[in-house]
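# Topology and contacts: notes
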Amino acid sequence: MADNPQVPGAQQRPLSPHLTIYRWPVTMMTSITHRATGIALSMGMVVLAWWLVSISNGPEGFESFHAVVDTPLGLLVLFAITWSLAFHFCNGIRHLAWDLGYGFSKEASRQGSILVIALSVILAVAIFACVWTGHGGYLR
Amino acid sequence: MNTPLQRVQGLGASHSGTGHFWRQRVTAVALVPLSLWFLYVAIGLAGTTEVSALVFLAHPWNAILMAAFVVIALYHAALGLQVVIDDYIHTAGSKIFFFLLVRFAVIATGSTCIFALLRIAAQ
């Protein structure tokens, strides 16, 4: 393992300008958001596990899940997970495109970032609007 | 599904070659259709009773797809969280602690999901 740059004693060495000094370009925003939404989705998997368990527990189990999720805070968390999935999905496809060698130019990555942000918000709002206007529940 | 580079001796500074990178991509590609399917299911079951969810998930194809989504998503999550730990945690002890935490949490979540799916299928 490399030497820890944060040990005391090493503090006198000059450091290159760090995050706080830069004006944040939009590509930097989407990069860190990809990581943040990934962490959020990892925690969202626990909610998915809880949902599956509640279904397997019969009516009472399902009601106890909905008693928490149907509150304003619960819905906010659900919306956060939905948007995180939308963002991580869109930006993940961008990552896969990069792996194939597409979209690396400065302008393309800037436009891609803006596109992913817009698309993820539209997707998440559309999903919630779809359910709220009664277009969900088709697997009844 | 390994790159030729991984087969050579001396796998670089990480000692694991491109294995982590490659698995992250393979799971990502698998999750593209699985996430879309999951979204279709989540919207389709929104606002329904537990009977609808039970009947839907008891169907073998749906149970298999849900199990695949859960397992692959958790694998992808473990790989991603490992990179986060690698980047932000610098002491060996804490690193090992968080690696173990992530792995145990992922296995606990995954087995809970699979058990729930089996229980649903048995009803």
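Residues numbered from 1 in each chain as written. Chains lettered and ligands numbered in written order. Predicted model: local features only at pLDDT ≥ 70, side-chain atom pairs only at ≥ 80, totals over all residues.

Bringing the overall build of chain B into the picture now. Of regular secondary structure, chain B possesses five helices and zero strands. Along chain B, from the amino end to the carboxyl end, the secondary structure elements read α-α-α-α-α. When the 123 residues of chain B are sorted by exposure, 21% land in the buried category. For chain B, restricting intrachain contacts to residue pairs at least 6 apart in sequence, the fraction spanning at least 24 positions comes to 65%. (Helix = DSSP H or I, 4+ residues; strand = E, 2+ residues; numbered from the N terminus. Buried ≥ 20, exposed ≤ 12 C-beta atoms within 10 Å, placed from the backbone. Contact = placed C-beta atoms within 7 Å.)

Residue and element names in this part refer to chain A. Between helix H1 (residues 26-56) and helix H3 (residues 72-99), the least distance of the axes is 8 Å, while the angle of their chain directions is 130°. Taken together, H1 and H3 sit at an angle that is classed as oblique. Where H1 crosses over H3, the handedness of that crossing is left-handed. Only Ala-80, Ile-81, Ser-84, Leu-85, Phe-87, His-88 and Asn-91 of H3 make contact with H1, whose side of the interface consists of Thr-30, Thr-33, His-34, Thr-37, Gly-38, Ala-40, Leu-41, Gly-44 and Val-47. By residue class, the composition of the contact of H1 with H3 is seven nonpolar, nine polar and no charged. (Axes fitted to C-alpha atoms, helices over the stretch in contact; angles between N-to-C directions. Parallel < 35°, antiparallel > 145°, perpendicular 65-115°, else oblique. Left-handed = near helix turned anticlockwise from the far one by under 90°. Nonpolar A, V, L, I, M, F, W, Y, C, P; charged D, E, K, R; others polar.)

Moving on to the interface of chain B and chain A. The interface of chain B with chain A comprises 34 residues on the first partner and 32 residues on the second. Secondary-structure elements contributing two or more residues to the side of chain B that touches chain A are helix H2 (19-45), helix H3 (50-58), helix H4 (60-88) and helix H5 (92-121) of chain B. By residue class, the composition of the side of chain B that touches chain A is 21 nonpolar, ten polar and three charged.

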